[in-house]
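Observations on the three-dimensional arrangement
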Amino acid sequence: MRTNDLRPYEFVKYLLDDLLTQDSVHMRLSAQPARKSGSPKCIYSAPLRIEDVQIDENGDVTVSIVADDIYSKHSKQRYQITLTEAEISILSRGAEQRLRA
């Protein structure tokens, strides 16, 4: 398959389908204070699963994970990030450039 012919979100889906079946994508999420200095705290570190990723009809990609709460040791929170097709395009161009280097 020629990935140059794919729309950006199709390219991401293609990569995700391939990578996530190999269990090789490890995702980390950290948090740190925004207004004062402080060290980052890792609140999530695990392989990214296909169930964590949703792609809607507009091509927006949402990654949703359940991670530790940043304040309470015994609480969990659901964190989501949604990237539009334009944002994914920027990321995929950067990834292609790094792969060519």
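How each quantity is defined
Residues numbered from 1 in each chain as written. Predicted model: local features only at pLDDT ≥ 70, side-chain atom pairs only at ≥ 80, totals over all residues. Heavy atoms only, no water. Helix = DSSP H or I, 4+ residues; strand = E, 2+ residues; numbered from the N terminus. Buried < 20%, exposed > 50% of the residue type's maximum accessible area, 1.4 Å probe, protein only. Contact = heavy atoms within 4.5 Å. Areas by Shrake-Rupley, 256 points an atom, 1.4 Å probe, with all protein chains shown as cover. Salt bridge = Lys/Arg side-chain N within 4 Å of Asp/Glu carboxyl O. Pairing = 2+ DSSP bridges. Axes fitted to C-alpha atoms, helices over the stretch in contact; angles between N-to-C directions. Core = buried A, V, L, I, M, F, W, Y, C linked by side-chain atoms within 4.5 Å. pLDDT = per-residue confidence, 0-100.

When you go through the protein chain residue by residue, the secondary structure sums to two helices and five strands. Each helix and strand of the protein chain, ordered N terminal to C terminal, gives the series α-β-β-β-β-β-α. Out of the 101 residues belonging to the protein chain, those deemed buried represent 23%. Excluding contacts between residues fewer than 6 apart, the proportion of contacts in the protein chain whose partners are at least 24 apart in sequence is 31%. Carbon and sulfur atoms provide 50% of the accessible area of the protein chain, an area that totals close to 7,800 Å².

This part takes up the pattern of salt bridges. Where charged atoms from two side chains of opposite charge come close, those side chains can pair. Applying the stated criterion to the full structure yields three salt bridges. In this structure, R49 and E51 form a salt bridge, with 3.9 Å as the shortest nitrogen-oxygen distance. On the basis of relative accessible area, E51 is assigned to the exposed category, the value being 53%. Between D68 and K76 there is a salt bridge, and its shortest N-O distance comes to 2.6 Å. What makes K76 exposed here is its relative accessible area of 54%. Salt bridges sharing partners connect three or more residues here, namely R49, E51 and D52.

Another point: the sheet that holds strand β4 (residues 61-68). If you trace the three strands from one edge of the open sheet to the other, you get β3-β4-β5, paired in antiparallel fashion. Strands with a single pairing partner mark the edges of an open sheet, and in this sheet they are β3 (53-55) and β5 (76-83). Neighbour-to-neighbour, the strand axes of the sheet open up by a mean angle of 20 degrees, direction not taken into account. Across eight bridges, the pairing between β4 and β5 is antiparallel. By the bridge assignment, V61 is partnered in β5 with L83. Docked against the sheet, helix α2 (residues 85-100) engages β4 and β5, running at close to 85 degrees with respect to β5.

What follows is about the nonpolar core. Counting residues in hydrophobic clusters, the biggest one holds 10 residues: I43, Y44, A46, L48, V53, V61, V63, I65, A67 and I88. Among the elements of the structure, β2 (41-47) and β4 are those that each provide at least two residues to this core. Broken down by element, the residue count for this core peaks at four residues, all from β4.

With that settled, consider the confidence of the model for the protein chain. On average, residues of the protein chain score 80 in pLDDT, and 75% of them are at 70 or above. Least confident of the elements in the protein chain is helix α1 (residues 8-21), whose mean pLDDT is 65; most confident is β5, at 93.

Let us now look at the side chain of D52. Within the secondary structure layout, D52 lies in the loop between β2 and β3. D52 has contacts with Y44, P47, T62, V63, S64 and I65, leaving out every residue within four places of it along the chain.

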